[in-house]
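Examining the three-dimensional arrangement
Residues per chain are reported as follows:
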Amino acid sequence: MSALLTYFRPDTRTASGALLAPARWQPLEILFWLFAVSLFWLAPSKVLLLNEIAILALFALSLDLILGYAGIVSLGHGAFFGLGAYVAGLLGKHGLHDPVAGLLISGGVAALLGFVTSFLVLRGSDLTKLMVTLGVALILRELANKFSTITGGADGLTGVTMGPVLGLFEFDIFGKTAYAYSLAVLFILFYIARRLVNSPYGLLLRAIKGNSLRAGAMGVPTSLRLVIIYTIAAGYAGIAGALLAQTSQFVSLDVLDFHRSADVLLVLVLGGSGQLWGAVVGAIAFKIMYDFLAAITPQYWQFWVGLVLVLIVLLGKGGILGFYGAGRDWLANRLGKGGVR
Amino acid sequence: MKRRHLLIAAAAGLGLLTSAGAYAQQTVKIGLILPMTGPFASTGRQIEGLTKLYMAQNGNMVAGKKVELIVKDDTGVADVTKRIAQELVVNEKVSVLAGFGLTPLALATAPIATQAKVPMIVMAAATSIITEQSPYIVRTGFTLPQVTAPLAEWAPKNGIKKVVTLVTDYGPGHDAEKAFKEGFTKGGGQVLAELRVPLQNPEFAPFLQRAKDARPDALFVFVPSGAGSAVMKQFAERDLAKDGIRLIATGDVLDDDILNGMGDVALGVVSSHHYSAAHNSPENKALVEAFKKSNNMRPNFHGVGGWDGMHLIYQALKKTNGDADGTKLLDAMKGQSWTSPRGPVMIDPETRDIVQNVFIRKVEKVNGELFNVEFATVEKVKDPVKAAKK
């Protein structure tokens, strides 16, 4: 029992303990994943929406890697999402029907684009980065529009067919396979990201975010570190896009639209950036709010969405997770315990 | 980390989402998926308004069944349309899917209709190929080649020999461009240039300048519903009329929804389409009046597609005696004919596309408001693309 306790709560007074603490899985995290799986049986009618949430969470996770941990602001993260979607769609249309292989290839292609463009993005200030990322996304969108013989242009790419996942599970109209597939991919990539940000490399990224000049003076090869994380994040976004293309078996120009990049930024702000879970919580809150409000008032729901977003950003620092942290601290003070770790 | 406990709250929120799938056999549900927000919201508002008006006028009981309309906003994004359609079929068990404001939205949803064996009524999207994507698709709107071909025939007979075409760069635009060129060159005309503007955030000025430089007799324009005002404004600002260039268009450009706001620059513009709010028939007069009273708007061509879509569903239900089985409903829809506010229409049993009269109209002032006044009729036009394939 005490061994279990020291696993979850390492002694934070020692350096190794303090570094290990955030890397340990908390009971609540494990509970979350179990709950996500249990929704198959608890909410079978909502798996289609859950599938979209999982995809959006993965996309937001990818943005969190560069924005929350490395401090690279981006308004064009949708470029990698869209590229992944188109690669996966085209593979599905032209013969490669295996979803997992398609996913890996799409992620790889998006990562390659991330690697190439990272050198452009890492020049200049935050404002320059915003513009360059935006520009890359716009260029990609226009290319997809112009090469309509390949991409289907503004009509979208039809005729995408997907084989069963791992040769076993066919995609069904209820979206069960789709959700299981997306959730599994999200879990694996979340696990990897979690390992990554808690590794020494992840700590270096945070040092660079804190003060890149000083990190450089300490001997950290800042550019190289940032190139690596940008490439990884691009691959993540590509896989998220590929998931969307494979589970909806359709790709339209919309995947490269500006609103994708803007939405994912909103999700991260809503959930709280720089803590991985912010991406997941943000995606859940964002999609549920959209779905709920749009069902009540199909015409004016965007007004309410806007209002809620403004309120959350104004009232809470660090999004929903920030709210949660503040509430917890307040409660702890009231109970006179001092902060509970 | 301490903040993670919040996840419980988020997770509990998810649990609340589980919806009750209770559904009575005596209800026939219709899932109406429309762009209610975003750049194509006017299409959604029109169709929603007129389908609801139809139900208000005709009651919600058909052949002993209660008809229930479920309206959903897809914001004009294809994967959302598809997901909503899937949810409506799986969770709400709708008997009919309807709406579909843009071609990609209809194309994305087509496999759902086939898989679920549910009739899918396309009320607005107008690319010819849509009905070929699923045997369950029925169209009550129009196709672009259908309304373009009559204008292409009319133009060379009325002193227009050289034309520049300007269309929006997506399915319906390509359809319009092709149909116009075919008909126009057959009639002895010559197309000097074919210009395409992007669907999102179009900027017409440079294209109109190029059209002006080519010195045609007329400029043929297709843009989707809503974008017409910008074209008219630029056409006037660039002074194309002064160079003797006429403007001819499909009726989408002179959409009744926005026509009156365009001002006098629109006067005299000739277009071809299947519906005008000025159509002279008792059915149409009643509709225009009722819609003005209920929504304070003029019905436009998309709205009429919605109106007729509802009528078709009602007719089919009557024919099956209230049996809402998808395949039976579909069969009952094929070959239906009725007098719509736009004139006599029929669902072609082979192509499931609508057969209707197409009118050549000219913008005139009637009682101080701008209207497309019809002056020539081409009767019973089928979609020429599918007719040519046979």
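Values in this document were obtained by computation on a predicted structure and should not be read as measured data.

Definitions and limits used
- Residues numbered from 1 in each chain as written.
- Chains lettered and ligands numbered in written order.
- Predicted model: local features only at pLDDT ≥ 70, side-chain atom pairs only at ≥ 80, totals over all residues.
- Heavy atoms only, no water.
- Helix = DSSP H or I, 4+ residues; strand = E, 2+ residues; numbered from the N terminus.
- Rg over C-alpha atoms; globule rule 2.2 N^0.38 Å.
- Buried < 20%, exposed > 50% of the residue type's maximum accessible area, 1.4 Å probe, protein only.
- Domains from an automatic or database assignment.
- Contact = heavy atoms within 4.5 Å.
- Buried area = accessible area lost by both parts, 1.4 Å probe.
- Salt bridge = Lys/Arg side-chain N within 4 Å of Asp/Glu carboxyl O.
- Polar contact = N/O pair within 3.5 Å; in protein donor to acceptor, adjacent residues only side chain to side chain.
- Phe/Tyr/Trp six-rings, centres within 6.5 Å; stacked < 30°, edge-to-face > 60°.
- Lys NZ or Arg CZ within 6 Å of the ring centre and 35° of its normal.
- Axes fitted to C-alpha atoms, helices over the stretch in contact; angles between N-to-C directions.
- Parallel < 35°, antiparallel > 145°, perpendicular 65-115°, else oblique.
- Pairing = 2+ DSSP bridges.

1. Some words on the overall build of chain B
Looking only at helices and strands, chain B features 13 helices and 15 strands. Here the C-alpha atoms of chain B give a radius of gyration of 22 Å, agreeing with the 21 Å that 2.2 N^0.38 yields for 390 residues. Taken along its principal axes, the extent of the C-alpha atoms in chain B is 65 × 60 × 45 Å. When burial is assessed residue by residue, chain B has 61% of its 390 residues classed as buried.

2. Examining the domain arrangement of chain B
All names here are of chain B. You can read the domains of chain B as domain 1 (23-142 + 281-352) and domain 2 (145-273 + 358-389). Taking the mean C-alpha position of each, domain 1 and domain 2 sit 27 Å from one another. Taken together, the contacts link 23 residues of domain 1 with 27 residues of domain 2. The contact between domain 1 and domain 2 buries some 1,900 Å² in all, and 52% of this surface belongs to carbon and sulfur atoms. Area buried by domain 1 at its contact with domain 2 is led by Phe142, Arg298 and Phe301, which between them contribute 34% of it. Joining domain 1 to domain 2, the criterion identifies three salt bridges. A salt bridge links arginine 298 to aspartate 256, with the shortest nitrogen-to-oxygen separation between them at 3.0 Å. In this structure, the connection of domain 1 to domain 2 is made through nine residue pairs in polar contact (both at pLDDT 80 or more). Contributions of two or more residues to the side of domain 1 that touches domain 2 are made by helix H2 (41-58) and helix H11 (301-319). Per-element accounting of the side of domain 1 that touches domain 2 gives the leading share, three residues, to H2.

3. Quick notes on the environment of A:Val132
Residue and element names in this part refer to chain A. Mapped onto the elements, valine 132 comes out in helix H7 (residues 126-146). Taking relative accessible area as the criterion, valine 132 reaches 22% and is therefore assigned partly exposed. Residues valine 132 and leucine 75, 57 residues apart in the sequence, show an inter-C-alpha distance of 8.6 Å. Residues contacting valine 132, with those up to four places away along its chain left out, are Leu120 and Val121.

4. Side note on the pattern of salt bridges
Opposite charge on two side chains permits them to pair, given that their charged atoms come into close proximity. Taken as a whole and judged by the stated rule, the model has 28 salt bridges over all chains. The partner of B:Lys233 in a salt bridge is B:Glu237, with the nearest N and O atoms 3.6 Å apart. One end of the pair is B:Lys233 and the other is B:Glu237, both in helix H8 (residues 228-237) and four residues apart, which spans about a single turn. Judged by relative accessible area, B:Glu237 falls into the exposed class, the value being 51%. In this structure, the salt-bridge partner of B:Lys386 is B:Asp383, at a minimum N-O distance of 3.1 Å. Salt bridges sharing partners connect three or more residues here, namely A:Lys46, A:Glu52, A:Lys287, A:Asp291, B:Arg83 and B:Glu87.

5. A look at the packing of aromatic side chains
Residues and elements named next belong to chain A. Overall, the coordinates contain 24 aromatic pairs over all chains when judged by the stated rule. Centroid distance tryptophan 25 to phenylalanine 187: 6.4 Å. Interplanar angle 40°. Geometry classified as tilted. With tryptophan 25 in the loop between helix H2 (15-20) and helix H3 (27-42) and phenylalanine 187 in helix H9 (residues 176-197), this residue pair connects regions lying 162 residues apart in the sequence. When the ring of phenylalanine 40 is compared with that of tyrosine 179, the centres are 5.1 Å apart and the planes differ by 50°; the resulting orientation is tilted. Of this pair, phenylalanine 40 sits in helix H3 while tyrosine 179 sits in helix H9, and the two are 139 residues apart along the sequence. Assigned by exposure class, phenylalanine 40 and tyrosine 179 land together as buried. Across the ring face of phenylalanine 174, the terminal group of lysine 176 is positioned such that the distance to the ring centre comes to 5.9 Å. The ring of tryptophan 25 carries the charged tip of arginine 194 above its face, separated from the ring centre by 4.3 Å.

6. Things to note about the interface of chain B and chain A
The interface is formed by 47 residues belonging to chain B together with 55 residues belonging to chain A. Here chain B is connected to chain A by four salt bridges. Note that A:Lys146 and B:Asp169 form a salt bridge whose closest N and O atoms lie 3.8 Å from each other. Linking chain B to chain A there are six residue pairs in polar contact (both at pLDDT 80 or more).

7. Some points on the packing of helix H4 (residues 47-69) of chain A against helix H3 (residues 78-92) of chain B
Between two packed helices, what matters for the description is the angle formed by their axes and the separation of those axes. Their axes nearest at 9 Å, the elements H4(A) and H3(B) cross at an angle of 150°. On the basis of the axis angle, H4(A) is roughly antiparallel to H3(B). Here A:Leu48, A:Leu49 and A:Glu52 of H4(A) lie close against H3(B), whose contacting residues are B:Asp79, B:Arg83, B:Gln86 and B:Glu87.

8. Regarding unusual backbone geometry
With a phi close to 50°, A:Leu276 is a non-glycine residue in the positive phi region. For A:Leu276, the location among the structural elements is in the loop between helix H13 (258-271) and helix H14 (277-296). Even without glycine at this site, B:Asp239 takes up a positive phi of about 60°.

9. Describing the side chain of B:Arg298
Tracing the chain through its elements places B:Arg298 in the loop between helix H10 (282-295) and H11. Apart from residues no more than four positions distant in its own chain, B:Arg298 is found in contact with B:Gln46, B:Asp256, B:Asp257, B:Leu259, B:Asn260, B:Ala277, B:Phe291, B:Glu369, B:Leu370 and B:Phe371.

10. What about the sheet that holds strand E4 (residues 96-99) of chain B?
As a general point, the strands of a sheet are linked pairwise by backbone hydrogen bonds and lie either parallel or antiparallel. Residues and elements named next belong to chain B. If you trace the six strands from one edge of the open sheet to the other, you get E2-E3-E1-E4-E5-E6, paired in mixed fashion. Strands with a single pairing partner mark the edges of an open sheet, and in this sheet they are strand E2 (61-62) and strand E6 (137-139). Here two bridges tie E2 to strand E3 (residues 65-73), and the two strands are oriented antiparallel to one another. Paired with valine 62 across the strands is lysine 65, a residue of E3. In the packing of helix H4 (residues 103-116) onto the sheet, contacts are made with E4, strand E5 (120-122) and E6, and the angle to E5 comes to roughly 160°.

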